[in-house]
Structures are given as C-alpha cells and as structure tokens.
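Residues per chain, in single letters:
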Amino acid sequence: MKEIPKNMIGFSGKTFVQAMIMREGIPCAAGKDGIDLVVNLKKPRRAFTLFVVSNLQPKRAGGKGKEALDWWIPVGIDTDLVACVDLSELQIWLFEREEVLKLAQQKTSSKYHLYMYTDKAVALRGKKSMKFDYEFESFKLENRVHRGVFDKRGRRPARKAAPKKRGGKRRGAKRRGA
C-alpha cells in the first residue's frame, strides 16, 4: 500500500465528518483559525465548533502491542466538540471538550491522548474501563446526533457586521445653509 501523507489523512477525516453530519440533515461548513468545522443551526440560533483528528487505520500500541486507534488532542483547543475518525472502518466518535479531558488515558503538558483497543484479547493493566472500541459505542456520531448533542446550548453565532455607510449626500437630506 502506498504511503499516504498525514495532511491527506487529516483532510479526508475532516471531509468525512462534514459529509456525515450533513447526511444527518445538519448544516456544516469548514472553519478557520484552528477550527475544522462549524455547525450553524437556525432554530434556535446557535453554533458548534469541531476539531477533527483522524487515523488511517489501527496501529500497534507502543509500536509492539495490540491493535489500537489513538488520537492526540491539543490541550488548548477552543472548540465545543472533538471528532475522532477511523478511516479504515469509516467510524466517527464525537466528544464534548470536557469528555475528552475526562476520558483521555494519558495527558502531557501539551496534549491529551485518547485511545481504544480494537483487539479484544488485550491484557489490561491499571484502569479496566473505557479502553476498548466497543465501550465507546455511545460516542459514535450517529448515536450522539440521535441523543441530541446539537440540541444543547452552543455558541451564539457572531452577527454579521452592518454595512458601512457611504460618505457624501444622502437622498432627501437637506443642504446646509439652504
């Protein structure tokens, strides 16, 4: 198999998440400035921002261990939701920012490490729950949408700036000194 550049894996994941959210009938557009996607809802008016991290396929944990999916999420993200993508199985897990902080199995000063084993024959050490992909079933995109993740209060979208008034005379305005 040909090596796929990391930026293409990231772009594929972002495009896949956008398409699957839109398939659910929810408007979604590309974001900017560190925000990958924006969901803008009309009634009631609110917006949700998403950060997307992607995996092409499971890899061996620690380079030698059992197959696992893992994502590194920056500590300072300022988005409402984090979408974790597995492109090999076309799966998306959607986490609120606070859930990432709670569920991440490892934390460094700059990143959270969230992983899930895809191989059920793993001998676990330490905490025994929330380590396998099947334990994260409730976080899958279709389940989160069904349970109303976008029904919660999101950010209020920024209002468009009023157009600037042009200089000069306005129609019907009186002249000075007349």
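Conventions adopted
Residues numbered from 1 in each chain as written. Predicted model: local features only at pLDDT ≥ 70, side-chain atom pairs only at ≥ 80, totals over all residues. Heavy atoms only, no water. Buried < 20%, exposed > 50% of the residue type's maximum accessible area, 1.4 Å probe, protein only. Helix = DSSP H or I, 4+ residues; strand = E, 2+ residues; numbered from the N terminus. Pairing = 2+ DSSP bridges. Contact = heavy atoms within 4.5 Å.

*Asks:* Explanation requested: the pairing of strand β3 (residues 46-55) in the structure shown.
*Replies:* Regular strands show a simple pattern: their side chains alternate between the two faces of the sheet. When you tally the buried positions in β3, you get 9 out of 10 residues, the bulk of the element. As judged from the 5 bridges shared by strand β2 (residues 37-41) and β3, these two strands associate in the antiparallel manner. Each bridged residue has a counterpart across the sheet, and for L41 the counterpart in β3 is R46. Counting the residues in the hairpin turn of β2 and β3 gives 4 residues. Pairing between β3 and strand β6 (residues 81-86): 6 bridges, direction parallel. Within β6, the position partnered with S54 by the bridge is V85.

*Asks:* Where do I start with unusual backbone geometry in this structure?
*Replies:* Negative phi characterises most residues that are not glycine, and trans characterises most peptide bonds. In this structure, D33 takes a positive phi of about 55 degrees despite not being glycine. Relative to the elements of secondary structure, D33 occurs in the loop between β1 (28-30) and β2. Unusually for a residue other than glycine, L90 sits at a positive phi of about 50 degrees. Tracing the backbone shows L90 in the loop between β6 and β7 (91-96). In this structure L90 comes out as exposed when scored by relative accessible area, which is 55%.

*Asks:* Would you take a moment to explain the sheet that holds strand β4 (residues 59-60) for this structure?
*Replies:* Pairing between the strands of a sheet is mediated by backbone hydrogen bonds and can be parallel or antiparallel. On the basis of which strands lie adjacent, the open sheet formed by 4 strands has the order β4-β5-β9-β8 and antiparallel pairing. One side of each edge strand has no neighbouring strand; the edge strands of this open sheet are β4 and β8 (106-107). Two strands pair when backbone bridges link them, and β4 and strand β5 (residues 67-74) are joined in this way by 2 bridges, in the antiparallel orientation. Across the sheet, K59 pairs through a bridge with A68, a residue of β5.

*Asks:* I would appreciate a short explanation of the environment of V149 in the present structure.
*Replies:* Locating V149 in the fold gives a position in the segment after α3 (141-146). When its relative accessible area of 4% is taken as the criterion, V149 is described as buried. C-alpha of V149 to C-alpha of F95: the two residues are 54 residues apart in sequence and 9.3 Å apart in space. Ignoring sequence-local partners within four residues, the contact set of V149 consists of F48, L81, L94, E96 and R144.

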